[in-house]
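Examining the three-dimensional arrangement
Take a look at the letters that make up each chain.
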Amino acid sequence: MEPLRAVLASANPHKLDELRAALPDWEIRLLGAAEFPPEVGRTYYENARAKARFARSKVKAGRWVLGEDSGIEVEALGGRPGIESARWAQEPVERLLEELRGEEDRGARYVCELVCISHDQEEHRGTGTLNGRIAHERRGSEGFGYDPIFVPEAAELTVAELGNDWKRANSHRARAAAALRRSLQARL
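Below is a summary of the structure that appears in this document. Here the structure is a predicted model, which is why all the values come from computation and not from measurement.

Counting residues in hydrophobic clusters, the biggest one holds 19 residues, and the most contacted among them are A6, W26, I28, L66, L114 and L180. Going through the elements one at a time, β1 (4-8), α1 (13-22), β2 (26-30), β3 (64-74), β5 (107-117) and α6 (172-187) are the ones with two or more residues in this core. The leading source of residues in this core is α6, at five residues. When sequence neighbours within four positions are dropped, the list of residues in contact with W26 reads P3, L4, A6, L66, C116, L180, R181 and L184. In terms of nonpolar packing, the next biggest core, distinct from the first, is built from 16 residues, L77, V93, A108 and I149 among them.

Next up on the list: the layout of surface pockets. Of the pockets and cavities examined, the largest pocket occupies roughly 560 Å³. What lines the largest pocket is a set of 27 residues, among which N12, K15, S70, A86 and F144 lie closest to the centre. Among the secondary structure elements, those contributing two or more residues to the lining of the largest pocket are β3 and α6. At five residues, the largest contribution of residues to the lining of the largest pocket is made by β3. Split into classes, the residues belonging to the lining of the largest pocket amount to eleven nonpolar, seven polar and nine charged.

Our focus in this paragraph is the pairing of β3. Counting buried positions along β3 gives eleven out of eleven residues, so the element sits mostly inside the fold. Residues W64, L66, E68, S70, I72 and V74 line one face of β3 and the alternating positions V65, G67, D69, G71 and E73 line the opposite face, and both faces are buried. Pairing between β1 and β3: three bridges, direction parallel. By the bridge assignment for β3, A6 is matched with W64. In terms of strand pairing, β3 meets β5 through ten bridges, oriented antiparallel. Its bridge partner being in β5, E73 is matched across the sheet by R109. Here β3 runs beside strand β4 (residues 81-82); their pairing, made up of two bridges, is antiparallel. The partner of E73 across the bridge, within β4, is P81. Between β3 and β4, which pair antiparallel one after the other, the connecting turn spans six residues, and G78 there sits at a positive phi close to 65°.

Scoring rules and cut-offs
- Residues numbered from 1 in each chain as written.
- Predicted model: local features only at pLDDT ≥ 70, side-chain atom pairs only at ≥ 80, totals over all residues.
- Heavy atoms only, no water.
- Core = buried A, V, L, I, M, F, W, Y, C linked by side-chain atoms within 4.5 Å.
- Buried < 20%, exposed > 50% of the residue type's maximum accessible area, 1.4 Å probe, protein only.
- Helix = DSSP H or I, 4+ residues; strand = E, 2+ residues; numbered from the N terminus.
- Contact = heavy atoms within 4.5 Å.
- 1 Å grid on protein atoms, 1.4 Å probe; cavity = no way out; pocket = protein on both sides within 12 Å on 5 of 7 lines; lining within 4 Å.
- Points joined across faces, edges and corners; volume = space filled by probe spheres on them.
- Nonpolar A, V, L, I, M, F, W, Y, C, P; charged D, E, K, R; others polar.
- Pairing = 2+ DSSP bridges.

Here it is as structure tokens:
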């Protein structure tokens, strides 16, 4: 059976690497667009779907398209930064640490939404979460984004300390990819 060929509506090579690891039987590449639609949705799903629809308008038939949106939700901040995670601050890790200075409730979760649209416009989706807490300082060198301060549930190390191999298998994006795969298997 040929691999499912897909295009990811993102300019982030880290997300591409994680999805390739989570979907090893897929052939995924980045969409080479000069710019992507603005993330103006009220939910991760709305933003991921807008990206997938944008990609669908740019990619030839025969390839599927993927839209992804993700973020971190911090309990003490009422779920912020949420869908604003990527554009919340110039230095988001430092801002988050500053906003949580002296805060005991450091519960947080990563959220990822994937939307996949087939060449015949059929939509599939998968959602993944990773619960944990925010560390008091930056630790580790792998991963990207908030990984140096996010400690997964039942762990003592940050995602950046656990490393890229751990992240590729256990992240919110890996979990969303697994949910997307289940959705596709149930409907195809």
